[in-house]
Amino acid sequence: YYHSDIYIENSAGMTSLDVAQANSDDEAKEALLRGRFSSEEVETDFLQERLPQLIEKTLSSKNDEKEKEHALLCLRAEIRVATSSMTSVPKPLKILREHFDQLKEAFENIDPTSRRNRELLADVLSVLAMTLDDKERDCLKFRLLGSNESVASFGHPYIRRLCSQIPNEWNSGGSDHSLLIYG
């Protein structure tokens, strides 16, 4: 495990943190997380600078699909790290939720041939929706449109939100139930 790899996914789509979690290596996981920042102030400054840059790269029409994919992978990695043990709304989600509408609009306008970026953005939007007043059940909607990765990587509160939205969606009769059954 290398600290510098915490944001970089390998060919299997896993970061060093993901590998540590998959191997139930709590010691390595703690070392990766502990080594990230020397203080809370440094973390806040880093996030307030880095996250808007990633949003800008994601939304910019000047960037090619690979650059957008890398920005989305970094956003998703930040969210995963922040939501792995959530007691309150994590800083990255606090910072990112103000960009929810912009990201949602970008999702609607994304090139349909950019399937990977569409799935990554749906993953990000799903987790962000968890922190908002989600009357439209965007958390569930974007989860169904996102990647087929384990929902556990975003933490227990995320799973709990999805579980609360599934019966509401089923009872509303407003959607295609086959999506809820078959994904």
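This report concerns the structure included in the present document.

Procedures and definitions
- Residues numbered from 1 in each chain as written.
- Predicted model: local features only at pLDDT ≥ 70, side-chain atom pairs only at ≥ 80, totals over all residues.
- Heavy atoms only, no water.
- Helix = DSSP H or I, 4+ residues; strand = E, 2+ residues; numbered from the N terminus.
- Buried < 20%, exposed > 50% of the residue type's maximum accessible area, 1.4 Å probe, protein only.
- Contact = heavy atoms within 4.5 Å.
- Areas by Shrake-Rupley, 256 points an atom, 1.4 Å probe, with all protein chains shown as cover.
- Expected span 1.5 Å × (residues − 1).
- Polar contact = N/O pair within 3.5 Å; in protein donor to acceptor, adjacent residues only side chain to side chain.
- Axes fitted to C-alpha atoms, helices over the stretch in contact; angles between N-to-C directions.
- Parallel < 35°, antiparallel > 145°, perpendicular 65-115°, else oblique.
- Left-handed = near helix turned anticlockwise from the far one by under 90°.

## Things to note about the overall build of the protein
In step 1: In terms of helices and strands, the protein carries 10 helices and 0 strands.
In step 2: For the protein, the α and β elements follow one another from N to C terminus as α-α-α-α-α-α-α-α-α-α.
In step 3: A burial count over the protein gives 44% of its 183 residues as buried.
In step 4: Summarising the internal contacts of the protein: among those between residues at least 6 apart in sequence, 59% fall at separations of at least 24.
In step 5: About 10200 Å² of surface is accessible on the protein, with carbon and sulfur atoms providing 49% of the total.

## Observations regarding helix 4 (residues 65–83)
In step 1: Helix length check: helix 4 (19 residues) gives 26 Å between terminal C-alpha atoms against 27 Å at 1.5 Å per residue, within 8%.
In step 2: By the N-cap criterion, in which a side-chain oxygen at the helix start approaches the backbone nitrogen of a residue two or three places on, helix 4 is capped by Asp64, the distance to Lys66 being 3.2 Å.

## Some remarks on the packing of helix 4 against helix 7 (residues 115–130)
In step 1: The contact between helix 4 and helix 7 brings their axes to 9 Å, and the two run at 30°. Between helix 4 and helix 7, the crossing angle belongs to the class labelled roughly parallel. Crossing handedness for the pair helix 4 and helix 7: left-handed. Facing Glu65, Lys68, Glu69, Leu72, Leu73, Leu75, Arg76, Ile79 and Thr83 of helix 4, the residues of helix 7 in contact are Arg116, Asn117, Leu120, Leu121, Asp123, Val124 and Val127.

Purely geometric numbers; function is a separate question.
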